[in-house]
Amino acid sequence: MRAFTIILAFVSAALANPLLFADSQQTPLGNQQTTYPGFDVDLNERRLIQLEGQQPVWLTELDKINLKAQGVGFFDITDTPSLGLANSLRSDLKPQFPTPNASDLVIPVIKTLSSDGPIQNLKDFTSFRTRYYRSDTGRQSQQWLLSKISEITSLHAPKSLQKQISINEFSHPWGQNSIIVRINGSSATDDSIVIVGAHQDSTNMWPFLPAPGADDDGSGTVTILESYRALIAANYRPTKSVEFHWYSAEEGGLLGSAAVAQAYEARSANVYAMSQFDMTAWVKKGTREEAGVITDYVDLSLTEFHKQLIDEYLDIPWVETKCGYGCSDHASWNKAKYPSVFTIESAFENHSPNIHSTKDTYDYSDEFSFSHMLEFSKLAVAFVIELAGWSKE
Ligand SMILES: *[C@@H]1O[C@H](CO)[C@@H](O)[C@H](O)[C@H]1NC(C)=O
Ligand SMILES: *[C@@H]1O[C@H](CO)[C@@H](O)[C@H](O)[C@H]1NC(C)=O
Ligand SMILES: [Zn+2]
């Protein structure tokens, strides 16, 4: 109850303090503007918000924006109020994960990873004014990503593998859809799914301002796209099914991933493991280059496995770190009782200071590193092959 009061105090303080948006020219209060060209946002819309350890509360869209600006993590559960309830028994499954043993298969694929694609793709992806999920350019950036995935698939996957791949939009009511790419597993008996994810949307702290979102999460988006490219170019044939997800509306309170996870739960999908990539490029000056392994709101045994992958396949060490409640899309899968992990560019306190601002570009600072990003592409390749297997006919 005490924490609850504090949160409400937070909301009121944020609402009373338009200075929060000092760099924006337009403050949410003291400004009667209610519509913004190119955006479909109603700042007064009521949304059901889940804060850590609290009963859900009805807040406005503007309250959400202010909460986010205060660094408070939350789920917007308006459309997914019962995520995880039907799966409640899955928590007892205590899944086991193997010790990495497929280096003969993983290393040759890792060797084919390159920064060429990520550099060009990030340049294109950050050229949209914003990828905000309720904006016209957010819809356009999603269409661009969809066509880039199709192009990569037809360029790099052998024809017979293409027949096992499906590329789909997962529709959302707000315009920018999530994207799901699936490589069907060869097993007739094992219906489990290994998922690698990133979020495609970006936001400025005041959402109507430009948001290049190079690190958050353009980096994760192109990181896993490069892993996908390398896997299909190697004619990868998984035993379990493998999916790559690019979520919409992470910045709106994990809306896209929660909708996807809810659909998987509703059809009793057998998700074996999910790995989220959100911010993979920043190496803070004066710090050791490392991979931040998140230890809160994740599956701990999958996280142990993940550390072994880093030891085995990456040129950088891991460091344990925490990011708090509802901090990225792995949390939706965790809430749905599916094992998920999250790896980030650094110890949490060393992540890019430029996110959610116009400064989140790839060429603003030499702390933005494509070679660091490539380490995470290795991790996604290893995660997929080690967990989904490789059936060689
Ligand atoms: C790795 O171990 C698993 C069992 O944990 C086994 O099913 C798989 O075939 C092994 N893979 C390789 C490449 O040896
Ligand atoms: C993949 O498998 C699913 C389920 O068995 C099937 O419905 C779908 O058509 C398959 N997709 C492709 C591209 O083969
Ligand atoms: Zn993010």
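For clarity, every value in this text was computed on a predicted model and none was experimentally measured.

Q: Summarise the overall build of the chain; cite the residues concerned and give the values.
A: Scanning the chain from N- to C-terminus turns up 11 helices and 11 strands. Reported as C-alpha extents along the three principal axes, the dimensions of the chain are approximately 65 × 45 × 40 Å. Relative to its 393 residues, the chain shows a buried fraction of 60%. Charge centroids of the chain, computed over 31 positive and 47 negative side chains, lie 3 Å from each other.

Q: Quick one: what's the story with the coordination of the zinc ion (ligand 3), residue by residue and with numbers?
A: Of the protein atoms, only His199 (NE2), Asp216 (OD), Asp278 (OD) and Asp278 (OD) coordinate the zinc ion (ligand 3), at distances of 1.9 to 2.5 Å. Coordination at the zinc ion (ligand 3) is irregular: its 4 donor atoms span angles of 53 to 146° at the metal. For the zinc ion (ligand 3), all donor residues lie on one chain, and their spacing in sequence is H-x16-D-x61-D. Residue His199 is found in strand β6 (residues 193–199), and its partner Asp278 is found in the loop between β8 (271–277) and β9 (291–294); the two are separated by 79 residues along the sequence. Taking the relative accessible area as the measure of exposure, Asp278 reaches 3% and is therefore buried.

Q: If you had to explain the nonpolar core to someone new, which residues and values would you point to?
A: The nonpolar side chains of soluble globular proteins are, as a tendency, buried together. The biggest cluster of nonpolar side chains holds 57 residues, and the ones touching the most others in it are Tyr228, Tyr236, Phe244, Trp246, Phe383, Ile385 and Leu387. In terms of residue count, helix α11 (residues 370–388) provides more of this core than any other element does, 11 residues in total. In this view, Phe244 contacts Ile179, Ile180, Val181, Val196, Ile224, Ser227, Tyr228, Leu231 and Val384; residues no more than four positions away in its chain are not counted. Among the nonpolar cores identified, the runner-up in size contains 17 residues, and Leu83, Ala258, Tyr264 and Ala336 belong to it.

Q: Just give me the short version of the pattern of salt bridges, but keep the residues and values in it.
A: Per the counting criterion, the structure on display carries 18 salt bridges. Across the salt bridge formed by Arg47 and Glu45, the nearest N and O atoms sit 2.9 Å from each other. By relative accessible area, Arg47 is classed as buried at 5%. Between Lys307 and Glu304 there is a salt bridge; the shortest N-O distance is 2.8 Å.

Q: Pulling in residues and values, what's your account of the sheet that holds strand β7 (residues 241–247)?
A: Reading across the sheet, the 8 strands line up as β4-β5-β7-β6-β8-β11-β9-β10 and stay open at both edges, with mixed pairing between neighbours. For this open sheet the edge positions go to β4 (165–170) and β10 (318–321), each flanked by a neighbour on one side alone. Strand-to-strand, the axes of this sheet are offset by a mean angle of 20°, without reference to chain direction. One ladder, built from 4 bridges, connects β8 with strand β11 (residues 340–344); its direction is parallel. Note on β11: the bridge partner recorded for Gln276 is Phe342. Packed on one face of the sheet, helix α8 (residues 255–266) meets β4, β5 (178–183), β6, β7 and β8 and runs near 150° to β7. Across the sheet, helix α9 (residues 300–313) touches β8, β9, β10 and β11, and the angle it forms with β11 is around 40°.

Q: I'd like a rundown of the domain arrangement of the chain, residues and numbers included.
A: For the chain, the assigned domains read domain 1 (2–76) and domain 2 (88–388). A straight line from the C-alpha centre of domain 1 to that of domain 2 covers 27 Å. Ranking the residues of domain 1 by area buried against domain 2 places Phe39, Lys68 and Phe75 at the top, with a combined share of 30%. Put simply, domain 1 and domain 2 have 2 salt bridges between them. Two residues, Lys68 and Glu251, come together in a salt bridge whose shortest N-O distance is 2.9 Å.

Q: Got a sec to walk through the site of ligand 2? Specific residues and values, please.
A: The local shell around ligand 2 consists of Lys163, Gln164, Ile165 and Asn184. The separation between an oxygen atom of ligand 2 and a polar main-chain atom of Lys163 is 3.4 Å. In this structure, Asn184 approaches ligand 2 through a side-chain N or O atom, which is 2.3 Å from an oxygen atom. Here ligand 2, which alone exposes 360 Å², has 37% of that area covered by the protein. Class assignment for the residues of the shell around ligand 2 results in 1 nonpolar, 2 polar and 1 charged.

Q: Describe helix α7 (residues 214–233), with residues and values.
A: Among the 20 residues in α7, 19 count as buried, and that is most of the element. Of the residues trailing α7, Asn235 is marked for its positive phi of about 55°.

Q: Can you break down the environment of Glu169 residue by residue, with the values?
A: Within the element layout of this structure, Glu169 appears in strand β4. Its relative accessible area of 34% is what places Glu169 among the partly exposed residues. Glu169 sits 78 residues away from Ser91 along the chain, and the two C-alpha atoms are 29 Å apart. Setting aside residues no more than four positions away along its own chain, Glu169 makes contact with Arg139, Gln142, Gln143, Leu146, Asn177 and Ser178. A distance of 3.5 Å separates the side chain of Glu169 from the side chain of Gln143, its partner in a polar contact. Polar contacts involving the side chain of Glu169 include one to the side chain of Asn177, which spans 2.9 Å.

Q: Please give an account of the UniProt feature "domain: Peptidase M28" (unreviewed entry) in the chain that cites residues and values.
A: According to UniProt, the feature "domain: Peptidase M28" (unreviewed entry) maps to residues 179–375 in the numbering used here. The distance separating the terminal C-alpha atoms of residues 179–375 is 23 Å; by composition the span is 29% helix and 20% strand.

Q: Got a sec to walk through the sheet that holds strand β1 (residues 46–51)? Specific residues and values, please.
A: Taken together, 3 strands build an open sheet; the order of strands is β2-β1-β3 and the sheet is antiparallel. Sheet topology places β2 (57–60) and β3 (74–76) at the edges, where each strand pairs with a single neighbour. Taking each pair of neighbouring strands and ignoring which way they run, the sheet shows an average axis angle of 45°. Of the pairings in the sheet, the one linking β1 to β3 comprises 3 bridges and is antiparallel in character. Each residue of the ladder has a partner; that of Gln50, found in β3, is Phe75. Of the strands in this sheet, β1, β2 and β3 are in contact with helix α2 (residues 61–69), which crosses β2 at around 95°.

What counts as what
- Residues numbered from 1 in each chain as written.
- Chains lettered and ligands numbered in written order.
- Predicted model: local features only at pLDDT ≥ 70, side-chain atom pairs only at ≥ 80, totals over all residues.
- Heavy atoms only, no water.
- Helix = DSSP H or I, 4+ residues; strand = E, 2+ residues; numbered from the N terminus.
- Buried < 20%, exposed > 50% of the residue type's maximum accessible area, 1.4 Å probe, protein only.
- Lys, Arg positive; Asp, Glu negative; His and termini not counted.
- Charge placed at Lys NZ, Arg CZ, Asp CG, Glu CD.
- Donors = N, O, S within 2.8 Å, 3.2 Å for Na, K, Ca; no water.
- Tetrahedral: all angles 85-135°; square planar, octahedral: opposite > 155°, others 65-115°.
- Core = buried A, V, L, I, M, F, W, Y, C linked by side-chain atoms within 4.5 Å.
- Contact = heavy atoms within 4.5 Å.
- Salt bridge = Lys/Arg side-chain N within 4 Å of Asp/Glu carboxyl O.
- Pairing = 2+ DSSP bridges.
- Axes fitted to C-alpha atoms, helices over the stretch in contact; angles between N-to-C directions.
- Domains from an automatic or database assignment.
- Buried area = accessible area lost by both parts, 1.4 Å probe.
- Near = heavy atom within 4 Å.
- Polar contact = N/O pair within 3.5 Å; in protein donor to acceptor, adjacent residues only side chain to side chain.
- Areas by Shrake-Rupley, 256 points an atom, 1.4 Å probe, with all protein chains shown as cover.
- Nonpolar A, V, L, I, M, F, W, Y, C, P; charged D, E, K, R; others polar.
- UniProt positions renumbered as here; feature names shortened; annotations may be inferred.

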